[in-house]
Amino acid sequence: MSLRVIDLSYDYGRQPVLKSLSFVLSSGFNVLLGPNGAGKSTLFSLLTGLYESRQGEITFSDLDLKAQKRQVLARMGVVFQQSTLDLDLTVQQNLLYHASLHGLSSQQAMNNVSGILEELQLLNRLDDRVRSLNGGHRRRLEIARALMHQPQVLLLDEPTVGLDNDSRNLIVEHIRELAKKRGICILWATHLMDEVQSGDQLILLDKGEVKAQGKAGDLCQQHDTDDVYQLYRKLTQTVEIM
Ligand SMILES: Nc1ncnc2c1ncn2[C@@H]1O[C@H](COP(=O)(O)OP(=O)(O)OP(=O)(O)O)[C@@H](O)[C@H]1O
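You'll find the protein chain entered in an unreviewed UniProt entry as ATP-binding cassette domain-containing protein, with Vibrio marinisediminis given as the organism. Recorded in UniProt for the protein chain, the comment headed Sequence similarities (unreviewed entry) runs: "Belongs to the ABC transporter superfamily."

As C-alpha cells, then:
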C-alpha cells in the first residue's frame, strides 16, 4: 500500500501555494512538518479530493484519485483541522451517523471501533453528548470515527492543536501504536517539531515546497544538524521558534 503524489501544484488564483510536490507515503508514521501557511491544509484538501489540481497526480496503490475517487476515499480516514462533530448528538450517534455514510451497519461499526474506543478511554462515554466532552476527548472521538471503516491510510491535520500536554501525548502515542500494530499509513501534519521522532518519515514543507524528505534521523545526519529544530532552520532559513 502506498500513497503517491507526483508533481502536484496548486494555486488560489495568481498565488502558487503548492509547487510541484512529489513524495511517496508507505505504512507507518509519516510527518508533514511545516509552519503556518506552508500549504499543509491545502495539500490535505487535495489528498481527500475536496480540491482538484490542474497539475499533478495522486494515486493510492494502483488507484487514481481523480478517476477512482470513491474507491480511494473508502480506504482513507481523515481528521480535519476543524472539528466536524455534531455537539448535540451523543458520542455513539456521531459514530453511527458516520458509519451509515460508509454503508456500515450499526453492529459492524461498533464491532470495528470498540477496541479503539477502549484504548482511547471513550467506551464509557458512548451515551454522553459531545458538548459535554473536553477538547482532548472530542479529538479522540474524531480519530475513532475516522478509523471506523478500517481505512488503510489515516490523514490527520494538526490534530493536537489547542490540547494540553497529557491529551496531546495520549493521542500521538496511540496513533504511533496504530501505525505499528495495524500497519496503517499515517500522515500527521503538524507545525510542532517536538512531535517528530528520529525514526519517523519526515516531509518538510515550506512555502509550498518540499525542502527535504526521508527518515528524520537520516536527514539530520545528511545536513549535519543535531535535531529537527536545527534541520528546519537550516533548510528554511527560518529563525522563529516553533
Ligand atoms: N481559500 C483560500 N483562498 C486563498 N488563499 C488561501 C486559501 N486557503 C489558504 N490560502 C493561503 O494558502 C497558503 C497555504 O495555506 P494552508 O492553510 O494550506 O497552510 P497550512 O500549512 O495548513 O497553514 P495553517 O497551519 O495555518 O493552517 C497560505 O498563504 C494561505 O493564506
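Quick look at the UniProt feature "domain: ABC transporter" (unreviewed entry) in the protein chain now. Under the feature "domain: ABC transporter" (unreviewed entry), the UniProt entry names residues 3–232. When the span residues 3–232 is considered, its composition is 36% helix and 27% strand, and the gap between its end C-alpha atoms is 24 Å.

A word on the site of the ligand. Near the ligand, the surroundings consist of Tyr12, Val17, Pro35, Asn36, Gly37, Ala38, Gly39, Lys40, Ser41, Thr42, Gln81 and Glu158. Taking Tyr12, its side chain carries an N or O atom lying 3.4 Å from a nitrogen atom of the ligand. In this structure, Asn36 approaches the ligand through a side-chain N or O atom, which is 3.0 Å from an oxygen atom. If you tally residues by element for the shell around the ligand, the top one is helix H1 (residues 40–47), at three residues. Here the residues of the shell around the ligand sort into four nonpolar, six polar and two charged.

Let's shift gears to the layout of surface pockets. Here the largest pocket is characterised by a volume of approximately 570 Å³. What lines the largest pocket is a set of 23 residues, among which Val78, Phe80, His98, Leu101 and His102 lie closest to the centre. Mapped onto the lining of the largest pocket, the elements with two or more residues apiece are helix H2 (69–74), strand S6 (76–79), helix H3 (91–101) and helix H5 (135–147). Looking at the lining of the largest pocket residue by residue, the classes come out as 11 nonpolar, eight polar and four charged. Both of domain 1 (1–75 + 152–242) and domain 2 (87–150) provide at least three residues apiece to the lining of the largest pocket. Together, Gln81, Gln82, Ser83, Gly135, Arg138, Arg139, Glu142, Glu158, Val161 and Leu163 line the second largest pocket. Across the lining of the second largest pocket, the residue classes tally to two nonpolar, four polar and four charged. Composition of the lining of the second largest pocket by domain shows at least three residues from each of domain 1 (1–75 + 152–242) and domain 2 (87–150).

Axis separation between H5 and helix H6 (residues 165–182) bottoms out at 10 Å; the angle between their running directions is 15 degrees. It follows that H5 is roughly parallel to H6 by the angle criterion. Crossing geometry of H5 relative to H6 is assigned as right-handed. Contacts from Gly136, Arg139, Arg140, Ile143 and Leu147 in H5 reach Ser167, Leu170, Ile171, Ile175 and Leu178 in H6.

Next up on the list: the sheet that holds strand S7 (residues 153–157). Here six strands make up an open sheet; going across it, the order is S6-S7-S8-S3-S9-S10 and the pairing mixed. Lying at the two open borders of the sheet, with one neighbouring strand each, are S6 and strand S10 (209–215). Within this sheet the neighbouring strands show an average axis-to-axis angle of 15 degrees, counted without direction. On top of the sheet, H6 reaches strand S3 (28–33), S7 and strand S8 (185–190); it is set at about 155 degrees to S8, its chief contact.

With that settled, consider the domain arrangement of the protein chain. The accessible area lost on association of the parts is a frequent measure of interface size. According to the domain assignment, the protein chain contains domain 1 (1–75 + 152–242) and domain 2 (87–150). Distance between the C-alpha centres of domain 1 and domain 2: 25 Å. Where domain 1 meets domain 2, there are one salt bridge. Its salt-bridge partner being Lys181, residue Glu119 comes within 4.0 Å of it at the nearest N-O pair. On inspection of domain 1 and its partner domain 2, the count reaches two residue pairs in polar contact (both at pLDDT 80 or more).

In terms of burial, S7 is largely enclosed, as five of its five residues are buried. A two-sided burial pattern is seen for S7, the buried positions comprising Val153, Leu155 and Asp157 on one face and Leu154 and Leu156 on the other. For S6 and S7, the ladder comprises four bridges, and the chain directions are parallel. Paired with Gly77 across the bridge in S7 is Leu154. Judged from the five bridges that link them, S7 and S8 form a sheet pairing that is parallel. In the strand pairing of S8, Val153 is matched with Cys185. Note that the unit made of S7, H6 and S8 has a crossover that is right-handed.

What counts, and at which threshold
Residues numbered from 1 in each chain as written. Predicted model: local features only at pLDDT ≥ 70, side-chain atom pairs only at ≥ 80, totals over all residues. Heavy atoms only, no water. UniProt positions renumbered as here; feature names shortened; annotations may be inferred. Helix = DSSP H or I, 4+ residues; strand = E, 2+ residues; numbered from the N terminus. Near = heavy atom within 4 Å. Polar contact = N/O pair within 3.5 Å; in protein donor to acceptor, adjacent residues only side chain to side chain. Nonpolar A, V, L, I, M, F, W, Y, C, P; charged D, E, K, R; others polar. 1 Å grid on protein atoms, 1.4 Å probe; cavity = no way out; pocket = protein on both sides within 12 Å on 5 of 7 lines; lining within 4 Å. Points joined across faces, edges and corners; volume = space filled by probe spheres on them. Domains from an automatic or database assignment. Axes fitted to C-alpha atoms, helices over the stretch in contact; angles between N-to-C directions. Parallel < 35°, antiparallel > 145°, perpendicular 65-115°, else oblique. Left-handed = near helix turned anticlockwise from the far one by under 90°. Contact = heavy atoms within 4.5 Å. Pairing = 2+ DSSP bridges. Salt bridge = Lys/Arg side-chain N within 4 Å of Asp/Glu carboxyl O. Buried < 20%, exposed > 50% of the residue type's maximum accessible area, 1.4 Å probe, protein only. Right-handed = clockwise from strand over helix to strand, strands pointing away.

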